[in-house]
Amino acid sequence: MSYLRSLRRFPAKSRSLFPKLIPSLARLIPTALLFSGLCLLTSLAPLAQVSSSHAGGIADKGLDTRVESILHRMTLEEKVGQLVQYSAGQPTGPGTGRTDYDDMIARGEIGSLFNVIDPKEINKYQKIAMEKSRLHIPILFGLDVIHGFKTEFPIPLGLASTWDPSIIEKASRVAATEAAADGIRWTFSPMVDIARDARWGRMAEGAGEDPFLGSAMAAAYVRGYQGSRLDAPDSIAACAKHYVGYGAVEGGRDYNSTEISEHTLRQFYLPPFHAALEAGTASLMSAFNSLNGIPSSANPFTLKQILRKEWGFRGLVVSDWNSVGELIPHGIANDGATAARKAFLAGVDMDMVSSLYHDNLQQIVKSGQATEAELDEAVRHALRVKLGLGLFEHPYVDEGAAAKALYHPESIALAQTAAERSFVLLKNANGPDGKALLPLASGSQNVAVIGPLADDSSYPGGAPPGSGPRVSLPVALAQRLGESHVSRFQGAGILDGSDNDIAEAVAGAQKADVAILTLGEAPDMSGEAASRAHLGLPGRQQELLEAIVRTGKPVVLILFSGRPLTLPWAFEHVPTVLAAWLPGIAAGPALVRTLFGDVNPSGKLVVTWPRAVGQEPLYYNSLGTGRPPGDIDLTRPPSDVASRYLSRYIDEQNTPQFPFGYGGSYTSFKYGPTTVSPQRLSVATLNQGLSAGAKGTPAVTAEADVTNTGSRPGEEVVQLYIRLQGTSVAEPVRMLKGFQTVAIAPGETRRVKFELKPEAFAIWNDHNQILTEAAKLTVWISPDSARGSPAQAEIQP
Ligand code: BGC
């Protein structure tokens with residue numbers, strides 16, 4: 001544990017640093033979101049020719065003319081300067097040691113700065129660029145605005161658990177408005193990496209394990225950040241990261257290598273990037289990881305062949321933090337000049353922090369190792385973003401406006417709605433009285449809030465605790481029940497604790513009617529550089545949990561974390577468990593409204609929740625094996641040949657604790673059988689329809705009745721999965737192809753209908769072409785990835 005403790009010395013990244021929203025945004029919920037046929041199958045790229053506006057709504061033709069006229073006047077030094085970026089504020093990684101930014105800007109040697117968050121400082125640097133540099137090209141200021149700027153929303157994993165792209169779009173709009181008012185016009189977000197392994201701390205920053213859902217969320221972030229016009233004063237340029245495969249780091253260890261076949265890359269890892277492109281992202285970030293031996297920041301196959309040639313991307317590619325310099329320890333360059341050359345020639349336009357482009361790129365061009373035309377092309381990408389943002393016309397930020405944009409009541413209300421919809425009710429078992437503990441009765445009762453995470457579960461690393469109108473859970477509970485009904489016990493720290501603290505918390509629980517335990521991970525135990533080999537409760541929290549459960553008092557366990565935690569004991573012994581992720585600025589009120597049933601939980605898991613770390617990576621859309629367990633009972637160890645020689649563990653079940661898509665409610669839903677029409681499809685017709693992409697006409701309609709069988713109104717995220725069998729390449733046992741949120745009154749039955757376009761059935765075949773093949777088709781409309789009644793159809797040759 002001392003190892004973990006030492007991690008906490010490092011400042012966490014500004015996870016959310018950040019509103020002008022109309023009041024109606026607070027009531028976002030909705031009517032059904034239909035995503036099935038509407039959401040593009042992003043992997044269709046080679047068929048669907050992309051438009052020239054493929055860079056952040058920068059479609060203005062006049063803009064290209066302006067780019068050329070600036071380029072024409074630039075010296076080699078000035079061109080290279082546009083491709084150089086430094087962190088000039090609180091560092092978020094090991095730096096270059098440079099601080100002479102004023103002089104460099106005046107000489108035109110810097111194109112972008114990031115981590116500067118004081119508008120005065122932003123203007124100070126900008127003034128140098130606008131007044132002292134020869135060509136007056138503005139600096140582009142960036143920051144990791146990941147789930148809000150100052151008005152902090154739930155972490156992206158939580159936001160995705162809403163299964164509601166409109167919430168993500170609106171949250172990103174708020175983030176953009178606050179950040180832009182501060183002078184920040186570029187966010188290094190969204191992180192669209194597919195994450196299948198909960199050991200990897202950066203799972204917290206993304207939308208989970210599924211490419212279909214991840215694509216919908218990726219596009220929503222981009223739309224939110226960039227708004228309808230990139231040059232609007234409240235728009236910021238998006239940056240889809242980390243291109244590509246970073247989520248597959250071996251062992252879940254951050255920055256580690258990845259081995260991903262081209263098929264898997266195209267089927268799972270690339271689609272969310274392509275969705276971000278289709279939504280118009282202005283930029284992309286090349287990743288740290290090596291991919292099949294070639295570091296992602298020097299990989300011409302992904303950066304040139306796929307990104308530029310197949311997808312036609314015209315936006316900016318920035319390296320990750322020093323990922324150009326890291327080509328040396330990766331082992332593909334023995335000096336900085338080689339690293340710069342390899343990254344540049346592979347297609348990395350802008351060098352974040354390493355200074356190697358600054359030091360070497362001129363010489364690389366002068367010596368003919370790269371052509372000036374190649375340099376020009378990279379500079380065009382940078383200039384297009386600056387021009388697209390309108391930075392040349394409006395380089396400065398209004399210093400007086402920055403603070404006024406923050407923490408608007410509508411933004412806080414949106415953060416609260418987002419948090420409420422992000423919670424996933426993992427368990428709410430009936431007690432001896434035949435009733436579930438949640439929702440708590442609204443009459444006054446004595447509640448003991450116990451655990452280290454009740455007060456400050458998720459303030460952003462950069463912002464001081466207590467900043468903004470933040471209301472903690474105990475305070476929100478006291479507002480609801482009255483001070484005298486709420487007692488607060490630390491019980492344990494996140495990583496430490498004493499016998500005395502635990503004893504005090506036990507005594508407190510004994511006096512209360514209900515114990516609310518707030519346990520889990522500190523905010524800096526997920527995110528970057530926060531891989532974990534153990535996924536239980538850190539420190540003495542498990543001990544605390546068991547001690548409180550032993551009191552026999554009703555216990556509600558609220559888990560705060562940036563990933564699933566393996567807690568078999570808790571799931572067996574604690575009747576009620578809510579996954580709250582890291583809920584953001586409105587954590588307290590959102591939790592209280594959920595605990596008391598003002599809102600009914602509707603969040604669903606976007607990552608598979610394992611029983612044991614040894615099952616990782618564990619994800620629902622895996623391939624079948626030649627030795628599936630069939631009907632064998634995997635809750636028992638193998639006892640004979642039939643139960644042994646299977647794809648199984650001898651000491652753990654194969655199934656997860658909770659499957660992808662799972663989430664409970666205070667009411668219950670019953671699914672009727674899935675129907676599919678037509679039941680016979682032809683390969684030729686489907687392939688013809690493919691070229692129309694998301695605009696094509698539906699090929700299949702699938703329907704099911706969903707009934708609210710409980711006594712409360714509820715919203716249900718209804719999911720549609722398919723399986724294709726008999727294809728040239730083995731396809732996953734299930735693939736998400738649609739989802740809708742449906743509000744259903746008690747006793748009501750809703751007929752839920754999905755229309756699937758031909759693209760839903762296209763696969764990357766054994767020649768890595770995307771096409772439809774003859775197959776047996778199974779379709780489920782279900783509450784999660786493990787349930788539902790299948791319907792059969794056939795795709796005929
Ligand atoms: C992270 C990126 C981030 C960058 C700038 C890197 O260490 O991997 O996600 O955008 O730092 O802070």
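Read on for an overview of the structure. Here the structure is a predicted model, which is why all the values come from computation and not from measurement.

**So, the site of the ligand**
- Taken together, 14 residues form the shell around the ligand, and within it Asp144, Arg202, His242, Asp320 and Glu528 come nearest.
- One nitrogen or oxygen atom from the side chain of Asp144 is found 2.4 Å from an oxygen atom belonging to the ligand.
- The separation between an oxygen atom of the ligand and a polar side-chain atom of Arg202 is 2.6 Å.
- When the free accessible area of the ligand is taken as 310 Å², the share hidden by the protein chains comes to 99%.
- Split by residue class, the shell around the ligand holds six nonpolar, two polar and six charged.

**Thoughts on the sheet that holds strand β15 (residues 555-560)**
- The mixed open sheet is built from six strands, whose spatial order is β11-β16-β15-β14-β12-β13. Among the strands making up the open sheet, the edge pair consists of β11 (424-428) and β13 (486-489). Adjacent strand axes in the sheet meet at a mean angle of 15° when their direction is disregarded.
- This element, helix α18 (residues 499-511), spans β12 (447-450), β13 and β14 (514-520) of the sheet and lies at about 160° to β12.

**Structural notes on the nonpolar core**
- Core analysis: the biggest nonpolar cluster contains 215 residues, and Leu113 and Leu426 have the highest contact counts within it.
- The element that contributes the greatest number of residues to this core is helix α8 (residues 211-226), accounting for nine residues.
- Those residues in contact with Leu113 that sit more than four places away from it in its chain are Gln85, Tyr86, Ala88, Tyr101, Ile105, Tyr125, Ile139, Leu140, Phe141 and Gly142.
- Ranked by size, the runner-up nonpolar core spans 31 residues in total, among them Phe669, Leu686, Leu756 and Ala793.

**Concerning the layout of surface pockets**
- Size it by volume and the largest pocket reaches roughly 1,000 Å³.
- The wall of the largest pocket is formed by 29 residues, among which Tyr620, Ser622, Asn654, Thr655 and Val733 lie closest to the centre.

**Re helix α23 (residues 683-690)**
- Within the span of α23, buried status applies to Val683, Leu686, Gly689 and Leu690. What you see down the axis of α23 is that its buried residues fit within an arc of 130°, all on one side. The exposed set on the far side of α23, more than 90 degrees from its buried face, consists of Thr685 and Gln688.
- On its buried face, α23 sits against β19 (680-682), β25 (770-771) and β27 (790-796).

What counts and what doesn't
The residue numbers shown here count from 1 along each chain, following its written sequence. The model is predicted, so local features are restricted to residues of pLDDT at least 70 and side-chain atom pairs to those at 80 or more, both for listing and for counting; the totals for chains, interfaces and linings are taken over all residues. Hydrogens and water molecules were not included; the side-chain quantities draw on all heavy atoms of the structure. Working definition: residue near molecule or strand if any one of its non-hydrogen atoms lies within 4 Å of it. Between N or O atoms, a polar contact is any pair within 3.5 Å; within protein, one atom must be a potential hydrogen donor and the other a potential acceptor, and residues adjacent in sequence are included only when both atoms are from side chains. In these tables, accessible area is a Shrake-Rupley quantity obtained with a 1.4 Å probe, and a residue counts as shielded only by the protein chains included in the view. Each residue gets one of three labels, nonpolar for Ala, Val, Leu, Ile, Met, Phe, Trp, Tyr, Cys and Pro, charged for Asp, Glu, Lys and Arg, and polar for the others, Gly among them. In this description, strands pair whenever DSSP reports at least two bridges between them. Note on conventions: DSSP H or I runs of at least 4 residues are helices, E runs of at least 2 residues are strands, and numbering of each starts at the N terminus. A fitted line through C-alpha atoms represents every axis, and for helices the fit uses only the stretch in contact; the resulting angles, taken between N-to-C directions, go from 0 to 180 degrees. Contacts are assigned to residue pairs with any non-hydrogen atoms lying within 4.5 Å of each other. To qualify as a nonpolar core, a set must consist of buried Ala, Val, Leu, Ile, Met, Phe, Trp, Tyr and Cys residues joined through side-chain atoms within 4.5 Å. Per-residue accessibility, obtained with a 1.4 Å probe over protein chains only, is compared with the maximum for each type, and a residue is labelled buried under 20%, exposed over 50%, and partly exposed between these values. Using only the protein atoms, space was sampled on a 1 Å grid; points where a 1.4 Å probe fits but cannot get out form cavities, open sets with protein on both sides within 12 Å along at least five of seven lines form pockets, and lining residues are those with an atom within 4 Å of a point. Grid points are joined across faces, edges and corners, and a volume is the space filled by probe spheres set on the points. Note that the arc is defined by the directions from the helix axis to the C-beta atoms.

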